Amino acid sequence: MGWLFDPAHWSGSTGIPVRLVEHFGYTLLTLVIGALIAVPLGAFVGHTGKGGFVIVGLSNALRALPTTAVLILVVLWAGLGDFPVYVALVLLAIPPIMAGTYAGVRAVDPVTVDAARGVGMRESGVLLQVEIPNALPLIFGGFRGAALQVVATATIAAYTGAGGLGRFVFDGLALQDFGQMLAGAVLVALLAVLVDLGFAGLQRLTVSPGLRPVGTGGKR
Amino acid sequence: MTWIFENWERFWEVTEVHLRLSVVPVVIGFVLSIPLGWWASRSQTARAILFPFANILFTIPSIALIVITPVLIGVKILDEINVIVPLVVYTVALMVRAVADALAAVPGNVVAAANAMGFRPLRRFLTVDFPLALPVTIAGLRVATVSNISMVSVGALVGLGGYGQLFTEGYQTDNTDKVLAGLIGTVVLAVLADGLLLLIGRLLTPWARVGR
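What counts and what doesn't
- What you see as residue numbers is a count from 1 along each chain, following the sequence as written.
- Each chain gets a letter, beginning with A, and each ligand a number, beginning with 1, in the order they are written.
- With the structure being a predicted model, the display of local features is reserved for residues of pLDDT at least 70 and the display and counting of side-chain atom pairs for 80 or more, all residues being used for whole-chain, interface and lining totals.
- Numbering goes from the N terminus for both helices and strands, where a helix is a DSSP run of H or I of at least four residues and a strand is a run of E of at least two.
- Helices are assigned an expected span. That span is 1.5 Å times one less than the residue count.
- One fitted axis covers the seven residues ending at a residue, a second covers the seven starting there, and the bend at that residue is the angle between these axes.
- Each residue is represented by a C-beta atom placed from its backbone, and any two residues with such atoms within 7 Å are regarded as in contact.
- Put simply, Ala, Val, Leu, Ile, Met, Phe, Trp, Tyr, Cys and Pro go in the nonpolar bin, Asp, Glu, Lys and Arg in the charged bin, and everything else, Gly too, in the polar bin.
- Under this scheme, a helix contributes an axis fitted over its contacting stretch, all axes are lines through C-alpha atoms, and angles between N-to-C directions fall in the 0 to 180 degree range.
- Each angle gets one of four labels, with under 35 degrees taken as roughly parallel, over 145 as roughly antiparallel, 65 to 115 as roughly perpendicular, and the rest as oblique.
- Each crossing is labelled by how the near helix is turned from the far one, with a counterclockwise turn of less than a right angle marking it left-handed and a clockwise turn marking it right-handed.
- Here a nonpolar core is just a set of buried residues of the types Ala, Val, Leu, Ile, Met, Phe, Trp, Tyr and Cys, joined wherever their C-beta atoms sit within 7 Å.
- Partly exposed residues are those whose C-beta has more than 12 but fewer than 20 other C-beta atoms within 10 Å; 20 or more makes a residue buried and 12 or fewer makes it exposed, with C-beta atoms placed from the backbone.
- In predicted models, pLDDT denotes the confidence assigned by the predictor to each residue on a 0 to 100 scale.

Can you explain helix 2 (residues 8–42) of chain B? Please cite residues and give values.
If you check helix 2 of chain B, its first and last C-alpha atoms are 50 Å apart, about what 35 residues at 1.5 Å a residue would give, namely 51 Å. Bending of helix 2 of chain B peaks at approximately 30° at the position of Ile34(B), with proline Pro35(B) no more than four residues after it.

Run through unusual backbone geometry, naming residues and quoting values.
Of note in the backbone geometry, Gln176(A) takes a positive phi value of approximately 55° without being a glycine. In the Ramachandran plot, Asp174(B) falls in the positive-phi region, its phi being about 60° despite a non-glycine side chain. Structurally, Asp174(B) can be placed in the loop between helix 8 (164–172) and helix 9 (176–204).

Give a detailed account of the interface of chain B and chain A, specifying residues and quantitative values.
In this complex, chain B contributes 29 residues to the contact, which on the side of chain A involves 26 residues. Every element with two or more residues in the side of chain B that touches chain A is listed here: helix 3 (44–59), helix 4 (62–73), helix 7 (121–151), helix 8 and helix 9 of chain B. Broken down by element, the side of chain B that touches chain A gets its largest block of residues, 9 residues, from helix 9 of chain B. Across the side of chain B that touches chain A, the residue classes break down as 20 nonpolar, 8 polar and 1 charged.

I'd love a proper account of the packing of helix 5 (residues 82–106) of chain A against helix 7 (residues 123–153) of chain A, names of residues and values included.
The axes of two packed helices give the description: the angle between them and the distance between them. Residues and elements named next belong to chain A. Where helix 5 meets helix 7, the closest approach of the two axes is 7 Å, and the angle between their N-to-C directions is 160°. Considered as vectors, helix 5 and helix 7 are oriented roughly antiparallel to each other. In this structure, helix 5 crosses over helix 7, and the sense of that crossing is right-handed. For the pair helix 5 and helix 7, contact is made by Leu89, Leu92, Ala93, Pro96, Ile97, Ala99, Gly100, Thr101, Ala103, Gly104 and Val105 and by Glu131, Ala135, Leu138, Ile139, Gly141, Gly142, Phe143, Gly145, Ala146, Gln149, Val150 and Thr153, respectively. When its residues are assigned to classes, the contact of helix 5 with helix 7 shows 14 nonpolar, 8 polar and 1 charged.

Account for the nonpolar core, with residues named and values stated.
One finds Leu89(A), Val151(A), Val169(A), Ala185(A), Val188(A) and Val67(B) to be the most contacted residues of the largest nonpolar core, which totals 121 residues. Per-element tally for this core: the top contributor is helix 5 (residues 81–104) of chain B, with 17 residues. Ignoring sequence-local partners within four residues, the contact set of Val151(A) consists of Thr27(A), Val188(A), Leu191(A), Ala192(A) and Val195(A).

Break down the confidence of the model for chain A for me, with residues and values.
When pLDDT is averaged along chain A, the result is 87, and 96% of the positions lie at 70 or above. Below pLDDT 50 for its whole length, residues 215–220 of chain A participates in 3 contacts with residues either more than four positions away or in separate chains.

Break down the confidence of the model for chain B for me, citing the residues and quoting the values.
Predicted coordinates in regions of low pLDDT should not be interpreted in detail. Model confidence for chain B is summarised by a mean pLDDT of 89, while 98% of its residues fall at 70 or above. Reported confidence for the predicted complex is 0.80 by ipTM and 0.83 by pTM.

Quick rundown of the packing of helix 7 of chain B against helix 9 of chain B? Include the residues and the values.
Residue and element names in this part refer to chain B. Close contact between helix 7 and helix 9 brings their axes to 9 Å; oriented N to C, the two are set at 165°. Considered as vectors, helix 7 and helix 9 are oriented roughly antiparallel to each other. Between helix 7 and helix 9 the crossing geometry is right-handed. Contacts from Leu134, Pro135, Ile138, Leu141, Arg142, Thr145, Val146, Ile149 and Ser150 in helix 7 reach Thr186, Leu189, Ala190, Ala193, Asp194, Leu197, Leu198, Gly201 and Leu204 in helix 9. By residue class, the composition of the contact of helix 7 with helix 9 is 12 nonpolar, 4 polar and 2 charged.

Below is the structure:
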């Protein structure tokens, strides 16, 4: 663990803080783009109940897609840079977010939805003010799953010369510098835990207290 | 697409390696997760230890685990065991929860009836609890298998075999067709394995199909 605590590795444009910020940047932007694509799709299909099999089929097919191959293909087509990284990572982030949103909206009690229509809400209001807030726990579940995978997999971006914590893993591998590889791995795992904690905090702040599990028996 | 047909022997060779590297860890991991899952389904303490531990293991990126494994167990970096051990770890991390949830969901009255009929614990587990837990267990096994098949490719980044080799070689020689061949191989293998497990699950649990 000496490598990780050497002050020389904590400064400069290739130091640990810079790589950490890069890695976090990849993760954040990937999740934002993934959300913009996956949440509307999942919510629409969950709300209308049409095309559920498409969502499930698409999620499973995307899940089997090897991220390394997607990354390399896009690099070969579009050249090096951050673009291929985002394509590969967004494709990875979509299935869990979409599945979580879809399952969350579907799982909202139909009685609640009927009541919302009964008091005269429009369909957009039913979706945005009733279904989505009620679906938030499962949507967050999808986001947390996606975030874990994206943080872990963003490591591979370094294979095609991009930045992030993967640099330490691949540079260490090239130099047979085990300390550097281990430091990279530990930092990625730490970042994953921190991101998950961040989501847990966000979830506490945004999810209605009425949806929290009651006691130890869970919500009934 | 033409690459596959022009290099059929090579494609078949990496398919074999890929299949071995993904199936062996699933089998080992599944066998290990049965006693652990059983323990977690019976004991609150076991759950409190195993579940958070499994979550943490899951956050370690596969490339990192593949790189660390040889140092931890003292083998060369180009040994296949370096992919097998991390994938066993991921499989166990995923399956412990699946097996525990599946066993916990076995109806209490069925267990009580088996006890009343004089089933001994081991026989009851093998002939009552475990079969009834199969649908949920197999659902977990399908996820583990598909993610393993997709993850084996990561091993190629450090020089190990499987479809991932087509990715790295294709990248180095600017051969899009070769990368696509590996991608198609991975997806087809994943879909086939998933379908096979679904079928096995249906055959093993004929009671799940009646009474709907």
